[in-house]
Amino acid sequence: MTTAHVTPQDTAVSHLHPRGSFVIEDHRLPTGKEEVWRFTPIGQMEDFFDQMLERASMPITLEAGPDKAWSWLKPGAFPRGSVLVPVDRPAAIAASEDQARHVVIDGAHADPIRLSIHGDGLDPSAAHLVIEAKPASSATVVLTHTGLARFIGNVEIRVGQAASLTVVTIQDWDRGSVHLGQHEALVDEGATYRHIAVSLGGDLVRLQNNVSYAGSGGDAELLGVYFADAGQHLEHRLFIDHNHPKGVSHVDYRGALQGERAESVWVGDVLIRPAAVGIETYEANKNLVLTDGCRVHAVPNLEIETGEILGAGHSASTGRFDDEQLFYLKSRGITETEARHLVVRGFFSAILARIGLDDVAATLMSRIDKELAFDKEN
Amino acid sequence: MESRGLEIEDLHVSVETETGPKPILKGVDLVVRPGEVHAIMGPNGSGKSTLAYSLAGHPKYTITSGSVRLDGQELVGLSVDARARAGLFLAMQYPVEVQGVSVANFLRTAKTAIDGQAPPLRGWVKKVNASLAQMQLDDEFASRSVNEGFSGGEKKRNEIVQLDLLNPKYAVLDETDSGLDIDALRVVSEGVNRYTAPGDRGLLLITHYTRILRYIKPDFVHVFVDGHVVAEGDSTLAESLEETGYEKWVKAVE
């Protein structure tokens, strides 16, 4: 294991991405008034940060993958800390964990490397995971979260030159769970990085999924699907820092909401720095509201500091069940419940095709079936 | 034994407006027996489409009185899907897009719902492809999302593919001829004629123009003005409408 002095690159600062710091106290306790916390139900997690001082380390289990690629990193041990500079207090707490899990990917892995985190209670816990894809390697890492937990989880990702890495994070917690954390990737020259967030369970999930580049021509795709049920708050905040030329970034998140106080937050932010000539970026978020009483916050942002780019765009939309659509399906003998199934499955189908992973599609579809089964026949 | 047919009796229908309920259908009486082709013709705003959507159970329309029986079964009060399962089909003037749901999936789901069991897989795909081919749609059409990005003609042909595969006891075609060029009109008409050919199905063809009646011969023609039938006859009535238009009936109700 090599130890290197960590010199994180300059962090860009705006109201959407405050300066990062490893020092927990540098991040003031969120009150809910801050721009980055204004959508989060801080009231639901009043004692959360106090309790975190007495937290346990959350174990991460290697379910499938080579043992030799699975080790530990102390703070300051490269590459730990070279990519992820905590942008908020929870991320700083998880980053201060004494030991971090370290996955090293070398060569081509045909089968997904599977990691799991399973909570068995509400005692606070944290984990810091480092995924290091060596140059020209290729792999898919699937991280599944289940059980009951009050948890902060960081994922720090290095994608080496010309490497190809897909990271899938599935939030399938039991109700009552809280999950915060920062996923931060550094994409090197000619590398391809895909991050796929699937958020279904828990009372409160708030992930900060960020990307920056270590060389030109990096390609990042951030996909997400979520299904918020009554009383659930699912929040995804994305920050893509185009700090090198000729990079590509595509963001596409889709979510459905159902029930009283089901709430989703999607904040997409793309910064195009003066150095980032010839880049291309597009971010999109679509929401399907299935019942009354849901709340959707969709906020796309673009900060453009050079005009010499191939393209930059964004879109965000929120739609409801379309009565005419349901009438059309029902007029063919299809029941109300099944018609709703078809519409919701159809809504997610385009993004599932892009994700292209059968187990992600199966997890989401079974959840949709479970959620919609509560609908009454009409 | 109950009498067979689609029997519409003294049907009154209102829609909700800002100023309260507005009556659109004002006592419609019409019977379609198995094997019969009925055409309903009338000017814009006469309530033809309201009749079609009311029969199918669209929530926008409230049936205030009257009855609709399908082979003796009362449809009023049934849900939209229960009416379809009872044997009623509505080919829509403006078929609706369903993003991400393929034509193949939609057809199989509908067939399963109507029959109460899934169609046998192998034979079914063949049947779907044959039906598409008859409507001059290729196999690839089945993998497209329902009505998404379809041309006007493709939407109407897709309606007739459903008519063919679901083979309902009674079908209502709401201005299926609108927006079709002459070739598409012929293809669609041939599809409808294949549906009625066995002689045990009932068809209610709603149209504004006589053009489609050159291809689909009605046994009965009903002139529809101001929410009810004002004149009835055989196919010669349609021919005379071509010359006189609806004016004399419209004037009579004013």
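Residues numbered from 1 in each chain as written. Chains lettered and ligands numbered in written order. Predicted model: local features only at pLDDT ≥ 70, side-chain atom pairs only at ≥ 80, totals over all residues. Heavy atoms only, no water.

Student: So what's going on with the overall build of chain A? Residues and values would help.
Tutor: Helix and strand counts for chain A come out as five helices and 17 strands. Against the globule reference of 21 Å for 378 residues, chain A gives a C-alpha radius of gyration of 20 Å, in line with a compact fold. Its C-alpha atoms give chain A principal-axis dimensions of roughly 65 × 50 × 45 Å. Across the 378 residues of chain A, 59% fall into the buried class. Restricting to contacts in chain A with at least 6 residues of sequence separation, those with at least 24 account for 86%. Of the roughly 14400 Å² of accessible surface on chain A, a fraction of 49% belongs to carbon and sulfur atoms. Taking the 33 positively charged and 52 negatively charged side chains of chain A as two groups, their mean positions are separated by 1 Å. (Helix = DSSP H or I, 4+ residues; strand = E, 2+ residues; numbered from the N terminus. Rg over C-alpha atoms; globule rule 2.2 N^0.38 Å. Buried < 20%, exposed > 50% of the residue type's maximum accessible area, 1.4 Å probe, protein only. Contact = heavy atoms within 4.5 Å. Areas by Shrake-Rupley, 256 points an atom, 1.4 Å probe, with all protein chains shown as cover. Lys, Arg positive; Asp, Glu negative; His and termini not counted. Charge placed at Lys NZ, Arg CZ, Asp CG, Glu CD.)

Student: Describe the overall build of chain B, with residues and values.
Tutor: In terms of helices and strands, chain B carries eight helices and twelve strands. At 18 Å, chain B has a C-alpha radius of gyration in line with the 18 Å of a compact globule built from 254 residues. Along the longest, intermediate and shortest principal axes, the C-alpha atoms of chain B span 55 × 45 × 40 Å. Counting every position in chain B, which comprises 254 residues, the buried fraction comes to 53%. Pairs at least 24 residues apart make up 71% of the contacts formed inside chain B by residues separated by at least 6 positions. Here chain B displays about 11200 Å² of accessible surface, and carbon together with sulfur accounts for 49% of that area. Computing the positive centroid from 27 side-chain charges and the negative centroid from 36, chain B places the two 5 Å apart.

Student: Can you explain the pairing of strand β3 (residues 37-41) of chain B? Please cite residues and give values.
Tutor: All names here are of chain B. The buried count for β3 comes to five of five residues, which makes it a mostly enclosed element. Going residue by residue along β3, you find V37, A39 and M41 tucked away on one face and H38 and I40 tucked away on the opposite face as well. Across five bridges, β3 lies against strand β10 (residues 202-207) in parallel orientation. In the sheet register, I40 faces β10, and the bridge partner there is I206. With four bridges connecting them, β3 and strand β11 (residues 220-225) associate as parallel partners. Bridge pairing in β11 places I40 opposite H222. (Pairing = 2+ DSSP bridges.)

Student: Residue-level account of the nonpolar core, with values.
Tutor: Counting 113 residues, the largest nonpolar core has F227(A), V344(A), F348(A) and L51(B) as its most contacted members. The leading source of residues in this core is helix α4 (residues 336-355) of chain A, at nine residues. Of the residues that make up this core, three or more belong to each of domain 1 (8-320) and domain 2 (322-378) of chain A. With 52 residues, the next largest nonpolar core counts F151(A), A220(A), Y226(A) and V289(A) among its residues. (Core = buried A, V, L, I, M, F, W, Y, C linked by side-chain atoms within 4.5 Å. Domains from an automatic or database assignment.)

Student: Could you give me a rundown of the pairing of strand β4 (residues 61-70) of chain B, with the residues and numbers involved?
Tutor: Residues and elements named next belong to chain B. Here eight bridges tie strand β1 (residues 6-17) to β4, and the two strands are oriented antiparallel to one another. Among the inter-strand pairings, L6 is bridged to a residue of β4, identified as L70. By the bridge criterion, two bridges tie β4 to strand β5 (residues 73-74) in an arrangement that is antiparallel. Looking at β5, one finds that R69 is bridged to E74. Between the antiparallel neighbours β4 and β5 lie two residues, among them D71 with a positive phi of about 45 degrees.

Student: Which residues make up the packing of aromatic side chains, and what values go with them?
Tutor: All names here are of chain A. In total, this model carries eight aromatic pairs over all chains according to the counting rule given. Considering the side-chain rings of W37 and F49, the 6.4 Å spacing of their centres and the 90 degrees angle between planes classify their relative orientation as edge-to-face. Here W37, found in the segment before α1 (48-51), pairs with F49, found in helix α1; they are twelve residues apart in sequence, far enough to count as distant. No difference in accessibility class separates W37 from F49, as the two residues are buried. Members of the aromatic cluster, joined through ring pairs, are W37, F48 and F49. (Phe/Tyr/Trp six-rings, centres within 6.5 Å; stacked < 30°, edge-to-face > 60°.)

Student: Could you give an account of the packing of helix α3 (residues 103-115) of chain B against helix α5 (residues 152-166) of chain B, with specific residues and numbers?
Tutor: All names here are of chain B. In contact at an axis separation of 10 Å, α3 and α5 are set at 35 degrees when each is read in the N-to-C sense. Crossing of α3 against α5: the hand is right-handed. Counted together, V103, F106, L107, A110, K111 and I114 of α3 and N158, V161, Q162, L165 and L166 of α5 form the full contact between these two elements. Counted by class, the contact of α3 with α5 contains eight nonpolar, two polar and one charged residues. (Axes fitted to C-alpha atoms, helices over the stretch in contact; angles between N-to-C directions. Left-handed = near helix turned anticlockwise from the far one by under 90°. Nonpolar A, V, L, I, M, F, W, Y, C, P; charged D, E, K, R; others polar.)

Student: Please set out a negative patch on the surface residue by residue, giving values where relevant.
Tutor: Taken together, the side chains of D234(B), E239(B), E242(B) and E243(B) make up a negatively charged region of the molecular surface. If you trace the backbone, E243(B) turns up in helix α7 (residues 235-244). (Patch = residues over 30% accessible without salt bridge, like charges linked within 9 Å, V, L, I, M, F, W, Y side chains within 5 Å. Salt bridge = Lys/Arg side-chain N within 4 Å of Asp/Glu carboxyl O.)

Student: Can you tell me about unusual backbone geometry, naming the residues and giving the values?
Tutor: A cis geometry characterises the amide bond from F78(A) onward to P79(A), with omega recorded as 5 degrees. Relative to the elements of secondary structure, P79(A) occurs in the loop between β3 (70-73) and α2 (89-95). Phi is positive for D10(B), which is not a glycine, with a value near 45 degrees. Within the fold, D10(B) resides in strand β1. Exposure remark for D10(B): the relative accessible area of 38% places this residue in the partly exposed category. A positive phi angle, near 55 degrees, is found at Q136(B), a position not held by glycine. As for its position among the elements, Q136(B) is in the loop between α4 (121-134) and β8 (145-146).

Student: Run through the sheet that holds strand β12 (residues 228-233) of chain B, naming residues and quoting values.
Tutor: Residues and elements named next belong to chain B. Strand order in the open sheet formed by six strands is β6-β9-β10-β3-β11-β12, and the pairing between neighbours is mixed. Edge positions in the open sheet fall to β6 (88-91) and β12, since each of these has one partner strand only. Strand-to-strand twist across the sheet, computed as the mean angle between neighbouring axes with direction ignored, equals 20 degrees. By the bridge criterion, four bridges tie β6 to strand β9 (residues 170-174) in an arrangement that is parallel. Residue pairing in the sheet places F89 in a bridge with A171 of β9. On the sheet, α5 packs against β6 and β9 and is oriented at approximately 165 degrees with respect to β6.

Student: Give a detailed account of the domain arrangement of chain A, specifying residues and quantitative values.
Tutor: All names here are of chain A. Looking at chain A, the domain boundaries give domain 1 (8-320) and domain 2 (322-378). Taken together, the 28 residues of domain 1 in the interface contact 20 residues of domain 2. Each partner contributes to the roughly 2100 Å² buried at the junction of domain 1 and domain 2, and carbon and sulfur atoms together form 65% of this total. Our count for the domain 1 to domain 2 interface comes out at four salt bridges. Between domain 1 and domain 2 we count nine residue pairs in polar contact (both at pLDDT 80 or more) in total. (Buried area = accessible area lost by both parts, 1.4 Å probe. Polar contact = N/O pair within 3.5 Å; in protein donor to acceptor, adjacent residues only side chain to side chain.)

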